[in-house]
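As a plain string of letters, each chain reads:
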Amino acid sequence: MKIESHDKRVDELLKGNTFLIPRFQRAYSWEADHVLEFWSDIVKNMSEAYFIGSMVVYKVERATLAVVDGQQRLTTITILLCAIREALKNIGEVDLAEGLQAYIEQKDRDNKTVYVLTTETSFPYLQEEVLKSEAADAPFEIGREEEAIERAYKIFKEQIGENVESFLSNKEQTKKESKKDATAWLTRLRDTIFDLNVI
């Protein structure tokens, strides 16, 4: 087996690859304090590229990489990008939301939509309620293994929502200017995540 090391930004990592979380990996398990610490690091380092650690993957097929190490970070990043997508939709920035969604799902060679992050264990909440841009086909029960995913998603949506609301409720400028500021902050947040570096 050939072992190689590559420096990648998150946006490079997500474009052109899909990631599979193998069955042997433990379920997503970040607690609220881990999620909030990650959020705090992102916000403190807005617009700055910084290193978030290594990932270990192996090729399963053409462009699918199975994740051996780094699953918790990759899942957290994906959940955060989905929360930003929802915030962009909520303020009417549909094009920006759809542009972001292109990093969360892609078309394969057969023109079928595939999510960039999939698991060998079925996680319908992650797929239907987080990754999917449209409303879920049906409401999904949250299994025990997905409680941490739901918690992280809610935390990110709350944190983002509070920040966006602080822009939108600014009485010292027009609504249009406030929306422009909220959009600029969301795109800066998105770009900060895309510029994170991994090996």
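Q: Honestly, the sheet that holds strand 7 (residues 117–119) in this entry has me stumped. Any pointers?
A: Across a sheet, strands are paired by hydrogen bonds formed along the backbone, either parallel or antiparallel in direction. Here four strands make up an open sheet; going across it, the order is 3-4-2-7 and the pairing mixed. Each edge of the open sheet carries a strand with a single partner, namely strand 3 (56–61) and strand 7. Averaged over all pairs of adjacent strands, the angle between their axes in this sheet comes to 35 degrees, without regard to strand direction. Two elements, strand 2 (residues 18–21) and strand 7, share three bridges in a ladder whose sense is parallel. In the sheet register, Leu 20 faces strand 7, and the bridge partner there is Thr 118. In this fold helix 3 (residues 71–90) packs onto strand 2, strand 4 (64–69) and strand 7, with an angle of close to 120 degrees to the strand it touches most, strand 4.

Q: Any chance you could explain unusual backbone geometry here in plain terms?
A: Backbone geometry follows two general trends: most residues other than glycine have a negative phi, and most peptide bonds adopt the trans configuration. In this structure, Asn 111 is a non-glycine residue whose phi angle is positive, near 65 degrees. Note on placement: Asn 111 falls in the loop between strand 5 (105–107) and strand 6 (113–115).

Q: Got a minute to help me understand the environment of Gln 159 in this structure?
A: Locating Gln 159 in the fold gives a position in helix 6 (residues 147–168). Through-space distance from the C-alpha of Gln 159 to that of Val 67 is 28 Å; in sequence the pair is 92 residues apart. Beyond its immediate chain neighbours, meaning those up to four positions away, Gln 159 contacts Leu 36 and Trp 39.

Q: Please clarify how the packing of helix 3 against helix 7 (residues 175–194) should be interpreted in this entry.
A: Helix packing geometry: the angle between the two helix axes and the distance between the axes. Relative orientation of the contacting elements helix 3 and helix 7 amounts to 160 degrees, with a least axis distance of 10 Å. For the element pair helix 3 / helix 7, the angle class is roughly antiparallel. When the axes of helix 3 and helix 7 are compared, the crossing they make is left-handed. Counted together, Ile 77, Leu 80, Leu 81, Ile 84, Ala 87 and Leu 88 of helix 3 and Leu 186, Leu 189, Arg 190, Ile 193 and Phe 194 of helix 7 form the full contact between these two elements. Residues that form the contact of helix 3 with helix 7 fall into these classes: 10 nonpolar, no polar and one charged.

Q: Hey, could you run me through the nonpolar core in this one?
A: Within soluble globular proteins, side chains that are nonpolar tend to cluster in buried spots. Counting 55 residues, the largest nonpolar core has Phe 19 and Ile 160 as its most contacted members. With 10 residues, the single largest contributor to this core is helix 3. With sequence-adjacent residues up to four places away left out, Ile 160 is seen in contact with Trp 39, Leu 80, Ala 83, Ile 84, Ala 87, Trp 185, Leu 186 and Leu 189.

Q: How do you make sense of the pairing of strand 3 when you look at a structure like this?
A: If a strand is regular, its side chains alternate between the two faces of the sheet. Note that strand 3 and strand 4 share five bridges and pair antiparallel. Of the residues in strand 4, the one forming a bridge with Val 57 is Val 67. Between strand 3 and the antiparallel strand that follows it, strand 4, lie two residues.

Q: How should I be thinking about the packing of helix 2 (residues 32–44) against helix 6 in this particular structure?
A: In the contact formed by helix 2 and helix 6, the axes pass within 10 Å of each other and the chain directions differ by 40 degrees. Judged by the inter-axis angle, helix 2 sits oblique to helix 6. Both helix 2 and helix 6 take part in a crossing whose hand is right-handed. Here Ala 32, Val 35, Leu 36, Phe 38 and Trp 39 of helix 2 come into contact with helix 6, specifically with Arg 151, Ala 152, Ile 155, Phe 156, Gln 159, Ile 160 and Asn 163.

The rules behind the values
Counting starts from 1 at the beginning of each chain's written sequence and moves along it residue by residue. Under the rules for a predicted model, residues below a pLDDT of 70 receive no local features and side-chain atom pairs below 80 are neither given nor counted, while totals for whole chains, interfaces and linings still include all residues. Hydrogens and water are ignored here; the side-chain numbers use all heavy atoms of the structure. One requirement defines pairing of two strands: DSSP has to find at least two bridges between them. Helix numbering and strand numbering both begin at the N terminus, where a helix is a DSSP run of H or I of at least 4 residues and a strand a DSSP run of E of at least 2. Note on geometry: axes are C-alpha line fits, over the in-contact stretch for helices, and angles between N-to-C directions span 0 to 180 degrees. We call two residues in contact whenever any of their non-hydrogen atoms come within 4.5 Å of each other. These descriptions rest on fixed angle ranges, namely under 35 degrees for roughly parallel, over 145 for roughly antiparallel, 65 to 115 for roughly perpendicular, and the rest for oblique. Take the far helix as the reference: if the near one is turned anticlockwise from it by less than a right angle, the crossing is left-handed, and if turned clockwise, right-handed. Nonpolar residues are Ala, Val, Leu, Ile, Met, Phe, Trp, Tyr, Cys and Pro. Charged residues are Asp, Glu, Lys and Arg, and all others, Gly as well, are polar. What we call a nonpolar core is a set of buried Ala, Val, Leu, Ile, Met, Phe, Trp, Tyr and Cys residues that are connected through their side-chain atoms within 4.5 Å. Residue burial is assigned from relative accessible area. The probe radius is 1.4 Å, only protein chains are included, and a residue is buried under 20% of its type maximum, exposed over 50%, and partly exposed in between.

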